[in-house]
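# Summary of the model geometry
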Amino acid sequence: MRGDETALLFANEAFYNAFAERDMVAMAALWAKEKPIGCIHPGWPPLFGRQAVLDSWERILSNTSAPDVETAGAEVVCWGDVGIVTCYEKVDDTYLVATNTFVREGKTWKLAYHQAGPVSTPPPGGASNDEDDDEDEDDDEAVLAEAEAGLEDDDDDDDDDDDGDDTPPSRSIH
C-alpha cells in the first residue's frame, strides 16, 4: 500500500475513533479549514460550511443515546490532493455505506465531505441487515501505526460559518 493510501486510511480511522470516543475536539481537528466542507447524515438535509457541519457533530456526539458505529471494508481512491475512502458502517444491526472525501491541507489529509446512507447488501463477511451479528471488527491497528504521522492537530478555529437554518431531525443514526 502506498503512503497516501495508508495516510487516508489512518485519517478515516481517526474520524471514526473521534466518533466512537465522542471527542468533539478531535472531530473538529479532522475537518478541513481551508476548503469548503459538507456532510449528509442519514435522514438529515445536506449541511455545508464548517460551522453547520461541526454544529451537527456537536449535537450527535453530545447525544448519550447515539448508537456506536463500527466500520468495515474501507477502500481508498486517491487523485493527487483529493482522496476518497468508502466503507461500511454498522450501526446497531443495520449497515450503512459511507463516503468520506479528504483533501490535503499542507501535509495533512483533512475531511471535506462525509455522507452515509442505507445499503441493501452487507459488506463481505457481514451479516445481513436483518440478522443480529457481532462479527469481529476489521483490525486496522497496523495501518494506524504506519500512518500516525499523517495527521496533525492544528487548533486554529477560523470557521466558514453557514448561517442557514438547517435544523436536522432530532432522531437520527448520525
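Described in the following lines is the structure provided in the data block. Keep in mind it's a predicted model, so treat the numbers as computed, not measured. (Residues numbered from 1 in each chain as written. Predicted model: local features only at pLDDT ≥ 70, side-chain atom pairs only at ≥ 80, totals over all residues. Heavy atoms only, no water.)

Along the protein, the regular secondary structure elements total four helices and six strands. The linear arrangement of helices and strands in the protein, starting from the amino end, is α-α-β-β-α-β-β-β-β-α. Here the protein, with 174 residues, has 45% of them falling under the buried criterion. Considering only contacts within the protein whose residues lie at least 6 apart along the sequence, 60% involve residues at least 24 apart. (Helix = DSSP H or I, 4+ residues; strand = E, 2+ residues; numbered from the N terminus. Buried < 20%, exposed > 50% of the residue type's maximum accessible area, 1.4 Å probe, protein only. Contact = heavy atoms within 4.5 Å.)

As a further point, take unusual backbone geometry. Phi is positive for Arg 22, close to 55°, though the residue is something other than glycine. The phi angle at Asp 92 is positive, at roughly 55°, despite the residue not being glycine. Position of Asp 92 among the secondary structure elements: in the loop between strand 4 (82-91) and strand 5 (94-105).

In this section: helix 1 (residues 3-21). Residues spaced three or four apart along an α-helix point in a common direction, a consequence of the helix completing one turn every 3.6 residues. Relative to the 27 Å expected for 19 residues at 1.5 Å per residue, helix 1 spans 26 Å between its end C-alpha atoms, a close match to the ideal helical length. Of all 19 residues making up helix 1, 14 are buried, and the element is well covered by its neighbours. In the stretch just after helix 1, Arg 22 is the one whose phi turns positive, near 55°. (Expected span 1.5 Å × (residues − 1).)

Let's shift gears to the pairing of strand 5. Note: strand 4 against strand 5, 10 bridges, orientation antiparallel. Bridge pairing links Thr 86 to Thr 99 in strand 5. Turn length for the strand 4-strand 5 hairpin, with the two strands adjacent in sequence and antiparallel, is two residues, and the turn residue Asp 92 shows positive phi of about 55°. Summarising the sheet, strand 5 and strand 6 (residues 108-118) pair through 10 bridges and their orientation is antiparallel. Opposite Asn 100, over in strand 6, you have His 114 as the bridge partner. Between strand 5 and strand 6, which pair antiparallel one after the other, the connecting turn spans two residues, and Gly 106 there sits at a positive phi close to 65°. (Pairing = 2+ DSSP bridges.)

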